[in-house]
Amino acid sequence: MKNPYHVIVRPLVTEKSMRDIDRRRAYSFAVRPDATKPEIRLAVERIFNVKVDAVRTMRRKGKRKARRMARFMMSRRPDWKRAVVTLQEGHRIEIM
């Protein structure tokens, strides 16, 4: 069993994620790429003391970025994983 604080990297606070909180009780988190849905569910329930209804995950490719140092170079940001966690009725997480 992994430490719950190692599974969840950070909450994602964007306009779309804040809209999903209000409309569907769905919270977005950046999680470790090797985290599974049951691990994410357990981590959110233990850290925030809530009941999770559903977990959806998606893998995100890192963006390509141009850098200018001594010469022009292309680099790439790391790949990451997003989890959208829907809570049961009556449960809420205070992110802000």
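See above for the structure.
Since this is a predicted model, take the numbers as computed values, not measurements. (Residues numbered from 1 in each chain as written. Predicted model: local features only at pLDDT ≥ 70, side-chain atom pairs only at ≥ 80, totals over all residues. Heavy atoms only, no water.)

Undergrad: So, the environment of D20: which residues are in play, and what are the values?
TA: Examined against the element boundaries, D20 turns out to sit in helix α2 (residues 15-24). With 64 residues separating them along the chain, D20 and V84 place their C-alpha atoms 9.5 Å apart. For D20, the contacting residues outside a window of four places in its chain are R25 and A26. (Helix = DSSP H or I, 4+ residues; strand = E, 2+ residues; numbered from the N terminus. Contact = heavy atoms within 4.5 Å.)

Undergrad: Outline the sheet that holds strand β1 (residues 8-11), listing residues and values.
TA: One open sheet holds the four strands; their spatial order is β1-β2-β6-β3, and the pairing between them is antiparallel. Because the sheet does not close on itself, it has two edges, and the strands there are β1 and β3 (52-60). Each strand of the sheet is rotated relative to its neighbour by a mean of 30°, with strand direction disregarded. Here eight bridges tie β3 to strand β6 (residues 80-87), and the two strands are oriented antiparallel to one another. By the bridge assignment for β6, R60 is matched with W80. Its contacts with the sheet put α2 on β2 (26-31), β3 and β6, and the angle it makes with β2 is roughly 140°. Each of β1, β2, β3 and β6 is contacted by helix α3 (residues 37-48), which is oriented at about 125° to β3, the strand it contacts most. (Pairing = 2+ DSSP bridges. Axes fitted to C-alpha atoms, helices over the stretch in contact; angles between N-to-C directions.)

None of this, on its own, says anything about what the molecule does.
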